[in-house]
Amino acid sequence: MARGMWLGLLLAGQAVIAAPAADFVVAPGGSDKDPGTAAKPFASLNRARLAVRELRAAQPTRSGPVTVQVRGGWYTLTAPLAFEPQDSGTASSPTVYAAAPGETPVLSGGRRLSGWTVKDGRWTLTLPADMPAFSQLFVNSQPRFRPRLPKTGYYTIAGDLEPSAAAQGKGHDRFTFKAGDLKPDWKNLADVEVLSFNEWNMSRLRIAKIDPATNEVAFTGPTCNTSYWAALRRGYRYLVDNVAEALDTPGQWYLDKATRQLTYLPLPGETPRTTVVVAPVIEELIRIKGDAAAGLPVTQVQLAGLTFAHTNWVCPLTGNSFPQAEANLTAAVVAKGAQKWRLTDCTFAHLGTWGVDLGEGCRDNVIERCTVSDIGAGGIKIGTTGIPADEKAWSGWTTVRDCTFSHGGRLHPAAIGVWIAHSPNNVIEQNDIYDFYYTGISVGWSWGYGRSLSHDNLITDNHVWQIGQGVLSDMGGIYTLGLSPGSVIEHNCFHDIDAFSYGGWGIYFDEGTSDIVARNNLVYRTKTGGFHQHYGKNNLFENNIVAYARIGQLQRTRDEQHHQFTLERNIILWDQGPLMHGNWGSPERFALNHNLYWDTSGSDVRFGGMDLAAWQAKGEDKDSLVADPQFVDPEKGDFRLRPGSPAEKVGFKPFPLSGWGRRDAAGAWALKPAAPAYPLPPATPAATSIAVDFEGMPVGAKPDGFQVNEDDTVKEANCRVTDEKPASGQRCLKLTDRPGQKNIWDPHCILDPAFQSGVIEETFDLRLTAGAVLTHEWRDMTQNPYVTGPAIAVGADGTLSAAGAARVKLPLDAWVRIRIVGGLGKQQTGLWTLEVTLPGAKPQIFSDLPCGKSLRALRWVCWTSHANAATAYYLDNIKIAPVKTKP
């Protein structure tokens, strides 16, 4: 009963495959000593594979397929099933391994666990001696996770350290942590893993040593590079996985490798009798072992209606760190020299790494109506990370059609739904790709203008959403690299793309992307733009709809001495942030025209800091319009144009706003993850008026309610509550600076009022000591990229500056009242007011100070100390609240 329940959960909605008459039959109750008939089936696919060889040797001129019918049930693989050149079929006689009609055969690389002892709500059992370690557990076809810290959110690195001598020239292997975050007395410390999140990758590191006296941790191996993007830097996030002492939540499990005892905390309703628990054992299920360069491919084989499940992955002793896309990892089906294969109506589920890897010499293959879900890494890899010297070893000419790639990156968050490296002439069409933490589709593996095999690839009619999810950065719905002549991205839908810091683009032309066309795509609800070109040449972005990015709609980064791209006949719609983000200088190196722009907030539309007339004088957008495109209901995703839309005037050609993604119902996956694999960004907190006078806070403590950032290596430089001459009451806040800090802006402290609209008034008292240097500003985001609103700076001579000009000289050792009033969102006029009241004097008011109109929220109110000297300043009576008075 339990096994049937598991299979029902696994294959809910899968299509029924009609199989031809069988030459051989495989069934779970069969025997490899039997002849493989329907009455006396084989027990294993490996025996069937050998029988097919024998049949082909006896019938060398056979016409029509050789078919192996695989009956429903569970097939435990203890080693990968290997296909070699002698297992090939022919064009007139392919070899077919197909599920029996209406049945579900599962090729499992795992082992079902039973014999639990139940005590105090915990299930325990001792694993057999031959059972390897594992990093995942699957219960009733659902993933279960190991105990992790912190329970919510992330830890952050307290300080970065130089790499150890062993890691020099390789990467980074040490950092300092905040006291208590890591503990040297954790059980099985060598099995604890630290997951360090960088920009676009994550390193999984094993602990070598923890020094509680210095709060330093060292790892058994380094990250993958010495560069900043692989560094263990102060402020970077990390998680701690597989901590025995943190096992306290139903659905968690822990394996004590020393005693071989597995402990599972069941969810409500789970019982040992009715619950199927599977632990993965082997890393690969199918291995295709051709040699295309030697003229020995494995050809003309079809796999239909099979399920591949439960592959293992265990972190190496020196950790796992790879520069991008987790491309170093293996897959459930690993192929070299596979040619003219067809994988149809197959399911790949509960995997430790990738689903399919079509490597060297693989070409002319079709992956169709397959589902790849609940995967440790990504969906499918096509191509090689290098260019084989022999052209026969090149990989490509692959079609991936009507497939589902979902719930990826469960162990390796930088993995991708569909990854194409050095590989040409691939067609990726009509696929659903969702719930990944890095990028949906990646095409290309050449940074810059060097040789690339990634050309003539067609990416069309795909539906890509829920990508990034605020976990990693520098990513997009689709990401491209290198020379790409003949490649087209056409009629795809990319939406809900989010990054941790920068990135979260819809269509992202990264380093060297050239000669690629993106047309008739719908891109909406992204973070940092629907379109971004880092650098490249001769790209065309035409007839697309780009809507509702949060931080800039169009982004250009590097300025180069050639024509970089053309943007024409696009509709750009937004309600926050600027139209253009990044570097829009040198307009002679790109071309924009026949576009339709509209900001629904009513703010002035600016083009690289100019109005439309000035922008047109530079030769750009001469035939473009700023006008409402008159979509039917864009906020709800309905981008149909109403009759009379001005889009027609700029030459926009309406395209079908449907037809994306998988065209059957089989992609409706039954996985029900109770929680994401990694902590997602918290929801925007409720707007809160702030009033802080520091009364009741202990002297010497960090202030309650503030985010405080300090350099832990310079202990005297800090932000602390004090009783030294407060403006009122018994307490105030002191920011003490010292030379020698790594960041000139430390220490600094931040408040987050989380206002999203309205006119906001801020007041605070300020007292300077000799040499104090500070900045104070409003921002709309808690992380980069951000928009800055009102801002002031005070120099070492006491001069307060605002909006680029000196305003007033502040006295030393005297309390001064500062008042700032500015608008947010639709109330942001681009002007703000500063009021400064010196002791015994009337307020000095500076009105209509300029700032950008793009400040749509107030999430970051910060005071920094920039002195790099032994000095200090004081704050008291801070208030931030909405007012009715206009700025």
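The notes below deal with the structure included here. (Residues numbered from 1 in each chain as written. Predicted model: local features only at pLDDT ≥ 70, side-chain atom pairs only at ≥ 80, totals over all residues. Heavy atoms only, no water.)

1. Concerning the overall build of the protein chain
Our working definition: Helix numbering and strand numbering both begin at the N terminus, where a helix is a DSSP run of H or I of at least 4 residues and a strand a DSSP run of E of at least 2. As a reference, a globule follows 2.2 Å times the number of residues to the power 0.38, and the radius of gyration itself is taken over C-alpha atoms. The buried label applies to any residue whose accessible area, calculated with a 1.4 Å probe on protein chains only, is under 20% of its type's maximum; exposed applies above 50%, and partly exposed to all values in between. Note on contacts: a residue pair is in contact if any heavy atoms of the two residues lie within 4.5 Å. Here, Shrake-Rupley sampling with a 1.4 Å probe gives the accessible areas, and only protein chains in the shown set may cover a residue. Positive: Lys, Arg. Negative: Asp, Glu. His and the chain ends are not part of the count. Think of each charge as sitting on NZ of Lys, CZ of Arg, CG of Asp or CD of Glu.
Within the protein chain, the regular secondary structure consists of three helices and 76 strands. For 887 residues, the compact-globule formula gives about 29 Å, and the C-alpha radius of gyration of the protein chain, at 30 Å, lands near that figure. Based on the C-alpha atoms only, the size of the protein chain along its principal axes is roughly 105 × 70 × 50 Å. With 887 residues in all, the protein chain has 60% of them scored as buried. For the protein chain, the share of sequence-separated contacts (at least 6 apart) that also reach a separation of at least 24 residues comes to 76%. When the accessible surface of the protein chain is summed, it comes to about 32,500 Å², and 51% of that surface belongs to carbon and sulfur atoms. Once the 85 positive and 89 negative side-chain charges of the protein chain are each reduced to a mean point, those two points are 3 Å apart.

2. Focus: the packing of aromatic side chains
Cut-off, in case you're wondering: When two rings of Phe, Tyr or Trp (its six-membered ring) have centres within 6.5 Å they constitute a pair, described as stacked for plane angles under 30 degrees, edge-to-face for angles over 60, and tilted for the intermediate range. Definition used: whenever NZ (Lys) or CZ (Arg) falls within 6 Å of the ring centre and also within 35 degrees of the ring normal, the charge is taken to sit over that ring.
Here the structure, examined in full by the defined rule, presents 35 aromatic pairs. Centroid distance W505 to Y508: 4.3 Å. Interplanar angle 50 degrees. Geometry classified as tilted. As far as the burial class goes, W505 and Y508 line up, both buried. When the ring of F694 is compared with that of F706, the centres are 5.9 Å apart and the planes differ by 25 degrees; the resulting orientation is stacked. Remark: F706 occurs in the loop between strand 62 (690–692) and strand 63 (707–709) and F694 occurs in the loop between strand 62 and strand 63; sequence separation between them is twelve residues. Of the residues examined, F694 reaches a relative accessible area of 1% and is grouped as buried. Note on F706: relative accessible area 12%, which makes it buried. Each member of the aromatic cluster is reached from another via a ring pair, and the members are F509, F531, F541, F565, W584, F590, Y597, F607 and W615. For R767, the ring lying beneath its charged end belongs to Y874, and the centroid distance is 3.8 Å. For the cation-ring pair, R779 lies above W860, with the distance from its terminal atom to the ring centre recorded as 3.7 Å.

3. Some points on the pairing of strand 71 (residues 805–809)
Counted only if it meets this: At least two DSSP bridges between two strands are required for those strands to pair.
Direction of pairing for strand 70 (residues 799–802) relative to strand 71: antiparallel, over a ladder of four bridges. If you follow L800 over to strand 71, its bridge partner there is V808. Counting the residues that bridge the hairpin from strand 70 to strand 71 gives two residues, and of these A803 lies at a positive phi of roughly 55 degrees.

4. Side note on the pattern of salt bridges
Opposite charge on two side chains allows them to pair when their charged atoms are near. In plain terms, the rule: One side-chain nitrogen of Lys or Arg within 4 Å of one carboxyl oxygen of Asp or Glu is enough to make a salt bridge.
Scanning the entire structure with this criterion turns up 49 salt bridges. Here R767 and D813 are joined by a salt bridge, their closest N and O atoms 2.7 Å apart. In this pair, R767 is assigned in strand 67 (residues 758–768) and D813 in the loop between strand 71 and strand 72 (816–824), connecting sequence segments 46 residues apart. Residues joined in a network through salt bridges with shared partners are R342, D345, E368, R369, R401 and E429.

5. Quick word on the sheet that holds strand 68 (residues 774–779)
Rule in force here: Whenever a helix is involved, its axis is fitted only over the stretch in contact; in every case the axis is a line through C-alpha atoms, and angles between N-to-C directions fall within 0 to 180 degrees.
Strand order in the open sheet formed by seven strands is 63-66-75-68-69-70-71, with antiparallel pairing between adjacent strands. The sheet terminates laterally at strand 63 and strand 71, the two strands that pair on one side only. The sheet shows a mean angle of 20 degrees between the axes of neighbouring strands, direction not considered. In this sheet, strand 69 (residues 788–794) lies alongside strand 68 in antiparallel orientation, the contact comprising five bridges. Each residue of the ladder has a partner; that of H776, found in strand 69, is I792.

6. Focus: the side chain of E542
Our working definition: As used in this structure description, the phrase polar contact means that two N or O atoms lie within 3.5 Å; if the pair is within protein, one of them must be able to donate a hydrogen and the other to accept it, and residues adjacent in sequence are counted only when both atoms belong to side chains.
Along the polypeptide, E542 turns up in strand 51 (residues 539–542). In this structure the side chain of E542 is engaged in a polar contact, spanning 3.0 Å, whose partner is the side chain of R519. Separated by 3.0 Å, the side chains of E542 and R569 make a polar contact. Not counting residues up to four positions away in its chain, the partners in contact with E542 are V517, A518, R519, N520, E568, R569 and N570.

Coordinates in, geometry out; function isn't part of it.
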